[in-house]
Amino acid sequence: DAAAARTGRIQGKLDEAPLDIDYIVEGHTCKDVAFDIVQTARGDDADLIVMGYPERHQDVTETVEREAPCDLFFADETVAADDLGTINIGAGGGPHHQALLPMVNALGRLGSDLHLINVSSGERGTDETSGATLDALADVEETAVTNVFADSVAEGLVETAADNGGVLIVGASRDRWLKQALFGSTPDEVVRLSAERDVPVLVYASETGVRGQLNERLFPLVRYLRKRFPRRRSTTRGTASRTE
């Protein structure tokens, strides 16, 4: 009865929406919700799973996040379909940012206005460059670019997205080695700040292969070694050589 009631409620909301697509609404009963979601995605050969933030049902979300056969979007109840008319994204160059760009590119081709936010930050962040992101969005007729300076990348993204309207999309890792983090440092800060400014946020988590997982886990060690053993430079005959 509970499954039937939920299915009916979802079906009713979709019937009210002007959707020119084919869709199926299913209600399942199971002992393990996460297992059922993953198995359903595999059986349907799904391209994407959309679900709530991990803090809502953390055990379910973390299992799906870890075992899903496709990419995931995390959203909270503030995200509405109308928000997708305007898409705000950062100008990052990391693998998780690059993974979300095909989705953003597709939304741009469907008519969404794209706003690229290039943030120069202080000590808590890093400067971003917009070139690689614009290249990935070459199929879109026009992408607006805003250059801002802020104390952190997250602050610059949220403040600018609040001015632009629409939804802010950020990329995140599916392999969170620190359990207290929802998505990682910058996405977590984006989620926190967006709640204060009423900015709807979608967090896009792409599949991460073994190589990507190792790179993420080793990066803090590499950063520590670079600080502990800084580069030494020597100059010979007017040319610089470097040892690390």
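Report follows, based on the coordinates. Note that the structure is predicted; figures quoted are calculated from it, not measured.

A word on the overall build of the protein. Across its full length, the protein holds 8 helices and 9 strands. Taking contacts inside the protein between residues at least 6 apart in sequence as the whole, the part at least 24 apart equals 69%. Accessible area for the protein stands at about 15400 Å²; split by element, carbon and sulfur atoms hold 50% of it.

What follows concerns the sheet that holds strand E2 (residues 71-75). Hydrogen bonds between backbone atoms are what pair the strands of a sheet, whose relative direction is either parallel or antiparallel. The sheet built from 7 strands is open, its strands ordered E1-E2-E7-E6-E3-E4-E5 with mixed pairing. Edge positions in the open sheet fall to strand E1 (48-51) and strand E5 (143-150), since each of these has one partner strand only. For this sheet, the mean angle separating the axes of adjacent strands, direction not counted, is 25°. Inspection of the sheet shows strand E3 (residues 86-90) paired to strand E4 (residues 113-121) by 5 bridges, in the parallel sense. Along E4, the bridge assignment pairs Ile89 with Leu116. Against the sheet, helix H3 (residues 58-67) makes contact with E1 and E2, and its axis sits at roughly 155° relative to E2, the strand it touches most.

Enumeration over the complete set of coordinates arrives at 4 salt bridges. Between Glu159 and Arg197 there is a salt bridge; the shortest N-O distance is 2.3 Å. A residue pair is termed long-range when its members are at least 10 positions apart, and Glu159 in helix H6 (residues 153-164) and Arg197 in helix H7 (residues 185-197) qualify at 38 residues. A relative accessible area of 35% means that Arg197 is categorised as partly exposed. Across the pair Arg192 and Glu196 runs a salt bridge whose closest N-O atoms are separated by 3.5 Å. Within this pair, Arg192 and its partner Glu196 are both found in helix H7, separated by 4 residues, close to a single helical turn. What makes Arg192 partly exposed here is its relative accessible area of 45%.

Before going further, it helps to spend a moment on the packing of helix H2 (residues 33-43) against H3. As a packed pair, H2 and H3 sit with axes 8 Å apart at the nearest point and diverge in direction by 30°. Relative to H3, the element H2 is oriented roughly parallel. Crossing of H2 against H3: the hand is right-handed. On H3, the residues touching Val33, Ala34, Ile37, Val38 and Arg42 of H2 are Val60, Thr63, Val64 and Glu67. Residue composition of the contact of H2 with H3, grouped by class: 6 nonpolar, 1 polar and 2 charged.

Nonpolar side chains collect at one region of the surface, where Leu19, Ile21 and Tyr23 lie side by side and expose about 270 Å² of accessible area between them. Here Leu19 lies in the loop between helix H1 (2-16) and H2. According to the relative accessible area criterion, Leu19 is partly exposed, its value standing at 39%.

Looking now at the nonpolar core. In this structure, Ile49, Val64, Leu157, Leu168, Val190, Val201 and Val203 are the most contacted members of the largest nonpolar core, which totals 30 residues. In terms of residues, this core owes the most to one element, H6, which gives 5 residues. Residues Leu100, Leu107, Leu114 and Tyr204 belong to the second largest nonpolar core, which totals 17 residues.

Here we take up the pairing of E1. Burial along E1 is one-sided: the face carrying Ile49 and Met51 is buried and the face carrying Leu48 and Val50 is not. Strand direction decides the pairing type here: E1 and E2, joined by 4 bridges, are parallel. Note on E2: the bridge partner recorded for Leu48 is Asp71.

Along the chain, Val104 turns up in helix H4 (residues 95-109). Each C-alpha atom, one on Val104 and one on Leu137, is 7.8 Å from the other, the two residues being 33 residues apart in sequence. In contact with Val104, not counting residues within four places along its chain, are Ile87, Ile89, Leu114, Leu137 and Ile169.

Here we take up unusual backbone geometry. With a phi angle near 55°, Asp45 is a residue other than glycine that sits in the positive phi range. Tracing the backbone through its elements, the reader meets Asp45 in the loop between H2 and E1. For Asp198, which is not glycine, the phi torsion reads 55° and is therefore positive. Assignment of secondary structure puts Asp198 in the loop between H7 and strand E7 (201-205).

Thresholds, definitions, all that
Residues numbered from 1 in each chain as written. Predicted model: local features only at pLDDT ≥ 70, side-chain atom pairs only at ≥ 80, totals over all residues. Heavy atoms only, no water. Helix = DSSP H or I, 4+ residues; strand = E, 2+ residues; numbered from the N terminus. Contact = heavy atoms within 4.5 Å. Areas by Shrake-Rupley, 256 points an atom, 1.4 Å probe, with all protein chains shown as cover. Pairing = 2+ DSSP bridges. Axes fitted to C-alpha atoms, helices over the stretch in contact; angles between N-to-C directions. Salt bridge = Lys/Arg side-chain N within 4 Å of Asp/Glu carboxyl O. Buried < 20%, exposed > 50% of the residue type's maximum accessible area, 1.4 Å probe, protein only. Parallel < 35°, antiparallel > 145°, perpendicular 65-115°, else oblique. Left-handed = near helix turned anticlockwise from the far one by under 90°. Nonpolar A, V, L, I, M, F, W, Y, C, P; charged D, E, K, R; others polar. Patch = residues over 30% accessible without salt bridge, like charges linked within 9 Å, V, L, I, M, F, W, Y side chains within 5 Å. Core = buried A, V, L, I, M, F, W, Y, C linked by side-chain atoms within 4.5 Å.

Honestly, that's just the spatial picture; any functional story needs more than this.
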